[in-house]
Amino acid sequence: MKVIYFTTREPAGSICNAELPSFTAGGNWLATPAAGWQNAFMKTVVLQEPGKLLVTETEPPAEAAEGEALVRVHRVGICGTDLHAYRGRQPFLEYPRILGHELGVEILEIGENAAGLGPGDLCSVEPYLNCNNCISCRAGRPNCCTRLEVLGVHVDGGMREIISVPVGKLHPSGKLSTDQLALVETLGIGSHAVERAGLEQGESVLVIGCGPIGLSVIQFAQLAGANLSVVDLDPERLRFCREQFNIENTLTGGPNAAEELADLLGDNPPTAVFDVTGNAKSMMQSFRYIAQGGRIIFVGIVMDDISFYDPDFHRMELTLLASRNSRPQDFQRIIEGMESGAIDTQPWITHRAGCEDLVESFAQWVEPGSGVVKAVLEI
Ligand SMILES: [Zn+2]
Ligand SMILES: [Zn+2]
């Protein structure tokens, strides 16, 4: 493995040692999936430890494992999980790790398969590697498999040019770009959360937290015909919701937000509240917004206890739901929605980088106020 770039926080050479050959620009990197790639090195981004990303070279896999396909990764979406990992706030992640779970890929090598997939096909990758045996998998819920491994979190992911993935995790499209295919996983989180809630046409719905995952909830709540209100602390995010998603009821979070929303909605309070903050205080306050008989859906996760006052929970006969990842049918539904134009991907990608400027860009994207909705690595 050759070290090519260093984080901007480290002077070049501090990680390197004398045994590492120096990198020659324009060497045998894989620019495209050309013949003979097995003999080349591939660009690989490794998160060595918090705050320390390396762009290096690794050997590509020699062949696909049984039941898997070799794919060329073209686009990797960057999300909160990756930024948390970079900041060292991702408790399940061991370092070093190759990040990347939002992937737009092209098939390089694939065996005979029932789906009729072949080399050159563009796909989104469902990054949830499940066991197919446990009680969740048997119930059609591979998204919360008891032995779940997520690409780029529990095992090395797609921030490298070629990876091997199970054929069943490939979701193809003959129409979409690799940019769009890299967005499917993020949108899946919202799709699944909205399905968990079982929204009805015209239902009053509140989304707390308008980051990328909040926006994906908003997207599918709108497709379900919900009447949306949103709460966030960041005025820029609220502006984005008004301008890109035509949401009128945008409220700034704070001690008075629940009263303000009650005044605004009158006798039509939200019967479904999605909390997408991953913040314990916000999650506990979500009980202040909910209508009698409503359901609260925790989409964001927090490493903490959540408590609520049980007499209120009972008096209002509330339902509390968790939503985790998404299911294969979400991927298919989203790809169809993008192909038909029902899902507009235009507002999503706000920032881009290649391997060459990723280290610098990543350090900027994690800063508050960076304005990143979705950043994409072009690899
Ligand atoms: Zn993600
Ligand atoms: Zn399982």
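Residues numbered from 1 in each chain as written. Chains lettered and ligands numbered in written order. Predicted model: local features only at pLDDT ≥ 70, side-chain atom pairs only at ≥ 80, totals over all residues. Heavy atoms only, no water.

> When you look at the coordination of the zinc ion (ligand 2) in this model, what are you seeing that I'm missing?
Each angle at a metal carrying four tetrahedral donors should ideally be 109.5 degrees, and each at a metal carrying six octahedral donors should ideally be 90 or 180 degrees. Summarising the metal site, the zinc ion (ligand 2) is bound by the protein donors Cys131 (SG), Cys134 (SG), Cys137 (SG) and Cys145 (SG), whose distances to it range over 2.3 to 2.4 Å. Because the angles between the four donor atoms bound to the zinc ion (ligand 2) fall within 103 to 118°, the donor set is best described as tetrahedral. Between consecutive donor residues of the zinc ion (ligand 2), the sequence gaps follow C-x2-C-x2-C-x7-C. (Donors = N, O, S within 2.8 Å, 3.2 Å for Na, K, Ca; no water. Tetrahedral: all angles 85-135°; square planar, octahedral: opposite > 155°, others 65-115°.)

> Please clarify how the coordination of the zinc ion (ligand 1) should be interpreted in this entry.
Looking at the zinc ion (ligand 1), the protein donor atoms are Cys79 (SG), His101 (NE2) and Glu102 (OE), and they sit 2.1 to 2.3 Å from it. We note that the donor set of the zinc ion (ligand 1) lies within a single chain, spaced as C-x21-H-E. Highlighted residues: Cys79 in the loop between strand 4 (68-78) and helix 1 (80-87) and Glu102 in strand 5 (residues 102-109), separated in sequence by 23 residues. Residue Cys79 is classed as buried on the basis of its relative accessible area, which comes to 10%. (Helix = DSSP H or I, 4+ residues; strand = E, 2+ residues; numbered from the N terminus. Buried < 20%, exposed > 50% of the residue type's maximum accessible area, 1.4 Å probe, protein only.)

> Please explain the pairing of strand 13 (residues 249-252) as it appears in this structure.
Of the strand pairs in this sheet, strand 12 (residues 227-232) and strand 13 are connected by four bridges, and their pairing is parallel. Its bridge partner lying in strand 13, Val231 is registered against Leu251. Between the parallel elements strand 12 and strand 13, the chain passes through helix 5 (residues 235-245) in a crossover that is right-handed. (Pairing = 2+ DSSP bridges. Right-handed = clockwise from strand over helix to strand, strands pointing away.)

> What's the story with the pattern of salt bridges in this structure? I'm lost.
A side chain with one charge may pair with a side chain of the opposite charge, provided their charged atoms come close. Throughout the structure, instances matching the rule amount to 16 salt bridges. Asp156 is the salt-bridge partner of Arg97, the closest N and O atoms lying 2.9 Å from each other. Residue Arg97 is located in the loop between helix 1 and strand 5, and its partner Asp156 is located in the loop between strand 8 (149-150) and strand 9 (162-166); the two are separated by 59 residues in the primary sequence. Using a relative accessible area of 12% as the deciding quantity, one classes Arg97 as buried. One salt bridge in this structure joins Arg288 and Glu259, with 3.2 Å as the shortest N-O distance. Of this pair, Arg288 sits in the loop between helix 7 (280-285) and strand 15 (295-298) while Glu259 sits in helix 6 (residues 257-265), and the two are 29 residues apart along the sequence. (Salt bridge = Lys/Arg side-chain N within 4 Å of Asp/Glu carboxyl O.)

> Sorry, what's going on with the sheet that holds strand 13 here?
By definition, the strands of a sheet pair up through backbone hydrogen bonds, in either a parallel or an antiparallel sense. Reading across the sheet, the six strands line up as 13-12-11-14-15-16 and stay open at both edges, with parallel pairing between neighbours. Two strands bound the open sheet, and with one partner strand each, they are strand 13 and strand 16 (319-322). Taken over all neighbouring pairs, the strand axes of this sheet differ in orientation by 20° on average, direction set aside. Contacts between helix 4 (residues 212-223) and the sheet are confined to strand 11 (204-208), strand 12 and strand 14 (272-275), with strand 12 contributing the most and set at about 170° to the helix. (Axes fitted to C-alpha atoms, helices over the stretch in contact; angles between N-to-C directions. Contact = heavy atoms within 4.5 Å.)

> How do you make sense of the packing of aromatic side chains when you look at a structure like this?
The geometry of two aromatic rings is summed up by the distance between their centres and the angle between their planes. Evaluation of the coordinates by the stated rule reveals seven aromatic pairs. Arranged with centres 6.4 Å apart and planes meeting at 50°, the rings of Phe240 and Phe245 form a pair that is tilted. With relative accessibility at 7%, the residue Phe245 sits in the buried group. Ring geometry for Phe287 and Phe313: centres 6.5 Å apart, planes at 65°, overall edge-to-face. Here Phe287, found in the loop between helix 7 and strand 15, pairs with Phe313, found in helix 8 (residues 310-315); they are 26 residues apart in sequence, far enough to count as distant. As far as burial versus exposure is concerned, Phe287 and Phe313 are alike and both buried. Clustering of aromatic rings is evident, with ring pairs tying together Tyr86, Phe362 and Trp365. (Phe/Tyr/Trp six-rings, centres within 6.5 Å; stacked < 30°, edge-to-face > 60°.)

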